[in-house]
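Here's the letter readout for the chains.
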Amino acid sequence: HYFALPTNPGEQFFMFCTLAAWLISKAGHPFEQPQEYDDPNAIISNILSELRSFGRTVDFPPSKLKAGYGEQACYVLDCLAEEALKYTGFSWKRPAYPTEELEEEEITEDDAELTLNKLEEDVAEEESDNEENFIDLNVLKAQTYRPDMNDSVKHEEILQSTTDAAEWNLEVERVLPQLKVTVRTDNKDWRIHVDQMHQHKDGIESSLKETRGYLDKLHNEISRTLEKINSREKYINNQLEHLVQEYRSAQAMLSEAKEKYQEGSGGVTERIRVLSEITEVLERVKQETEEKGSSMTDGAPLVKIKQALTKLKQETIQMDIQIGVMEHTLLQSKLKEKSNMTRDMHATMISEATIGAY
């Protein structure tokens, strides 16, 4: 997901190059880790060349990897990761699920509800406390009010004691450390909570008495300061009323001047556009006049005309010669044809005369 969306292109590109280099080295091809100030084009070309060497197709331009994120970056990292897993011989195994033991559900008890089980637990805790050389008050009461003891027997034991006083003192001294009575306080008892609430209430009231004076004094000072500020504001407003009016009038004039300036700037831009068009037409006319003037003052066309005339004269002379030759040839052919015709006529006349003589 880090290379899917853009977060920090510079950091993403450096992380992409570092991760690609590490995967290439894991795939068995030694590849130098890129540094932060290396040429990105060279790094991308090296990575793509290594990717092609693995037989992977690269049908996208290298510039797609400069951002360090996107579909192409994820594709390159996916291919390199697959090649690294192939080279290291990694194989997927079936998952081994740990066996979980079913825990017994604990029944939550309400602290305010008194049940028989809770009483038994309290008695067990009291017995465990007795093991710490402390005698609980409840145990003393239970031992005192045993039902099997008779009142008359107790009075007789008290009235007629056969215990030696010295032994009794020694026994008292021995048992005295164990006669410490402790009364355990339960933090969940509502009476303790009420006592704590009363204590906190007394503390809050005593603190409030001390702080109320300071708060009242601070309130009075703040109210006096606010009154002074209001009076000063009214005085300043009264003294600066004409300046405020002048400022408002000046602001109105400024807004009007801004509107006029905007209108004028619009006309100026239109005139500047017209001026640019006229300047273009003028430049074009100047260029045409310069071309015409240069052509009128230049003697090159006359030279060309003279050369053309001389060439035409030469061609005319050649045509006249050719025409004369053709006329001469035609005349010779006509004369030859005429001589042939006269010869044929004489031949026919002689042949008829000879025929008549016979």
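The structure we're discussing is the one just above.
Source: prediction; values computed, not measured.

Draft legend 1. Representation of the pattern of salt bridges in the model. One pass over the full model with this rule turns up 5 salt bridges. Across the pair arginine 174 and glutamate 171 runs a salt bridge, and its minimum N-O distance is 2.3 Å. Of this pair, arginine 174 and glutamate 171 both sit in helix H7 (residues 165-175), 3 residues apart, which is roughly one turn of that helix. Judged by relative accessible area, glutamate 171 falls into the partly exposed class, the value being 37%. Because the salt bridges share partners, they merge into one network encompassing Arg56, Glu82 and Glu83.

Draft legend 2. Structural context of a nonpolar patch on the surface. Taken together, the side chains of Leu215, Leu218, Ile222, Leu226 and Ile229 present a nonpolar region at the surface, about 450 Å² in accessible area. Topologically, leucine 226 is positioned in helix H8 (residues 190-239). Among the residues examined, leucine 226 registers a relative accessible area of 47% and is labelled partly exposed.

Draft legend 3. Molecular detail of the nonpolar core. With 25 residues, the main nonpolar core has Phe16, Ile47, Leu65, Val76 and Leu80 as its most contacted residues. Going through the elements one at a time, helix H1 (9-26), helix H2 (40-53) and helix H3 (71-88) are the ones with two or more residues in this core. Top element by residues in this core is H1. It accounts for 7 residues. Sequence-distant contacts of leucine 80, that is, excluding residues within four places in its chain, are made with Ala20, Leu23, Ile24, Leu51 and Phe54.

Draft legend 4. Just the packing of H1 against H2, in detail. Running from amino to carboxyl end, H1 crosses H2 at an angle of 35 degrees, the nearest separation of the two axes being 11 Å. Crossing angle aside, the handedness with which H1 passes H2 is left-handed. Here H1 contributes Phe13, Cys17, Ala20 and Ile24 to the contact with H2, which in turn contributes Pro40, Ile43, Ile44, Ile47 and Glu50. Among the residues making up the contact of H1 with H2, the classes are represented as 8 nonpolar, no polar and 1 charged.

Draft legend 5. Focus on the packing of aromatic side chains. By the definition in use, this model includes 3 aromatic pairs. Ring geometry for tyrosine 2 and phenylalanine 3: centres 5.0 Å apart, planes at 85 degrees, overall edge-to-face. Each member of the aromatic cluster is reached from another via a ring pair, and the members are Tyr2, Phe3 and Phe16.

Draft legend 6. Broad picture of the packing of H1 against H3. Here H1 crosses H3 at 25 degrees, and the two axes come no closer than 8 Å. In terms of their interaxial angle, H1 and H3 are classed as roughly parallel. The element H1 and its partner H3 pack so that their crossing is left-handed. In this structure, H1 uses Phe16, Leu19, Ala20, Leu23, Ile24 and Lys26 to contact H3, whose residues at the interface are Ala73, Val76, Leu77, Leu80, Ala81, Ala84, Tyr87 and Thr88. In terms of residue class, the contact of H1 with H3 is built from 12 nonpolar, 1 polar and 1 charged.

Draft legend 7. Inspection of H2 at higher detail. An ideal rise of 1.5 Å per residue puts 20 Å on 14 residues; H2 measures up with 20 Å between its terminal C-alpha atoms. Within H2, the full set of buried residues consists of Ile43, Ile44, Ile47, Leu48, Glu50 and Leu51. Taken around the axis of H2, the buried residues stretch over an arc of 160 degrees, which confines them to a single face. Turning to H2, the residues buried within the fold contact H1 and H3. Just past H2, the residue glycine 55 takes up positive phi, approximately 90 degrees.

Calculation criteria
- Residues numbered from 1 in each chain as written.
- Predicted model: local features only at pLDDT ≥ 70, side-chain atom pairs only at ≥ 80, totals over all residues.
- Heavy atoms only, no water.
- Salt bridge = Lys/Arg side-chain N within 4 Å of Asp/Glu carboxyl O.
- Helix = DSSP H or I, 4+ residues; strand = E, 2+ residues; numbered from the N terminus.
- Buried < 20%, exposed > 50% of the residue type's maximum accessible area, 1.4 Å probe, protein only.
- Patch = residues over 30% accessible without salt bridge, like charges linked within 9 Å, V, L, I, M, F, W, Y side chains within 5 Å.
- Areas by Shrake-Rupley, 256 points an atom, 1.4 Å probe, with all protein chains shown as cover.
- Core = buried A, V, L, I, M, F, W, Y, C linked by side-chain atoms within 4.5 Å.
- Contact = heavy atoms within 4.5 Å.
- Axes fitted to C-alpha atoms, helices over the stretch in contact; angles between N-to-C directions.
- Left-handed = near helix turned anticlockwise from the far one by under 90°.
- Nonpolar A, V, L, I, M, F, W, Y, C, P; charged D, E, K, R; others polar.
- Phe/Tyr/Trp six-rings, centres within 6.5 Å; stacked < 30°, edge-to-face > 60°.
- Parallel < 35°, antiparallel > 145°, perpendicular 65-115°, else oblique.
- Expected span 1.5 Å × (residues − 1).
- Arc of directions from axis to C-beta.

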